[in-house]
Structures are given as structure tokens and as C-alpha cells.
Amino acid sequence: MSEFTKEQHSAFLALAKKYDKNVFALFGKQQGAISVSNAEEAALLGNFSGKVCDWVLNDNPDYDAKDEDINADAEMVSFMLADILADAGY
């Protein structure tokens, strides 16, 4: 289980809602802490982590630095997902 700030949790959910409805449905109800309880959930998060930055960069390329915030959120969420999976032992 990983504890995150309100802002980090909101960024995670916003990106999950936009880019992966399954992740949003599974983890959207968790408040503050995000935890993985089985290998299937870990795989779902692992796949989301592997793709979220690519999806964001595809939708919001940062060529002119106008999309800096969304790209920073995607990078932060990727690190959050790594923490969640490490804390759960995956």
C-alpha cells in the first residue's frame, strides 16, 4: 500500500480515467492509499505504467513546452505506480 498526497492521488485518477478505464474502475474508490491485492491488479498497473507516458506524449506532445503540466503528471504517476508495485512485492 502506498500513501500519496491528495494532489498525487487526483493526478493518478485523472490519468487513469482518461487513459485506462479498467485502472480507474479498480482503483478509483481507494482514498489516499493505493494498494494492489493480487497479481492481476499488479499486471494491470504494470501495463498502465508502461503506457501512460507514451499515451500522454502522443496526445500532448511537449514540443513547445505548453503541455508541461500534463507531462509532469504522467511522469509522476509512473513513479507512483513503481512505488505501489514495489510496496506490494511485484
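This one's a predicted model, so the numbers in the text were calculated from it and none came from an experiment.

> Whenever I open this one, the nonpolar core confuses me. Can you help?
With 22 residues, the main nonpolar core has Phe12, Leu15, Leu45, Phe48 and Val77 as its most contacted residues. Those residues in contact with leucine 15 that lie beyond four places of it in its chain are Asp20, Phe48, Val52, Val56, Ile70, Asp73, Ala74 and Val77.

> Any chance you could explain the packing of helix H3 (residues 39-59) against helix H4 (residues 68-87) here in plain terms?
What describes two packed helices is the angle between their axes and the distance between those same axes. The contact between H3 and H4 brings their axes to 9 Å, and the two run at 165°. When the interaxial angle is binned, H3 and H4 end up roughly antiparallel. Every pair of crossing elements has a handedness; the one defined by H3 and H4 is left-handed. Listed contacts from H4 to Ala42, Leu45, Gly46, Phe48, Ser49, Val52, Cys53, Val56 and Leu57 of H3 are Ile70, Asn71, Ala74, Glu75, Val77, Ser78, Leu81, Ile84 and Leu85. Its residues assigned to classes, the contact of H3 with H4 shows 13 nonpolar, four polar and one charged.

The rules behind these values
- Residues numbered from 1 in each chain as written.
- Predicted model: local features only at pLDDT ≥ 70, side-chain atom pairs only at ≥ 80, totals over all residues.
- Heavy atoms only, no water.
- Core = buried A, V, L, I, M, F, W, Y, C linked by side-chain atoms within 4.5 Å.
- Buried < 20%, exposed > 50% of the residue type's maximum accessible area, 1.4 Å probe, protein only.
- Contact = heavy atoms within 4.5 Å.
- Axes fitted to C-alpha atoms, helices over the stretch in contact; angles between N-to-C directions.
- Helix = DSSP H or I, 4+ residues; strand = E, 2+ residues; numbered from the N terminus.
- Parallel < 35°, antiparallel > 145°, perpendicular 65-115°, else oblique.
- Left-handed = near helix turned anticlockwise from the far one by under 90°.
- Nonpolar A, V, L, I, M, F, W, Y, C, P; charged D, E, K, R; others polar.

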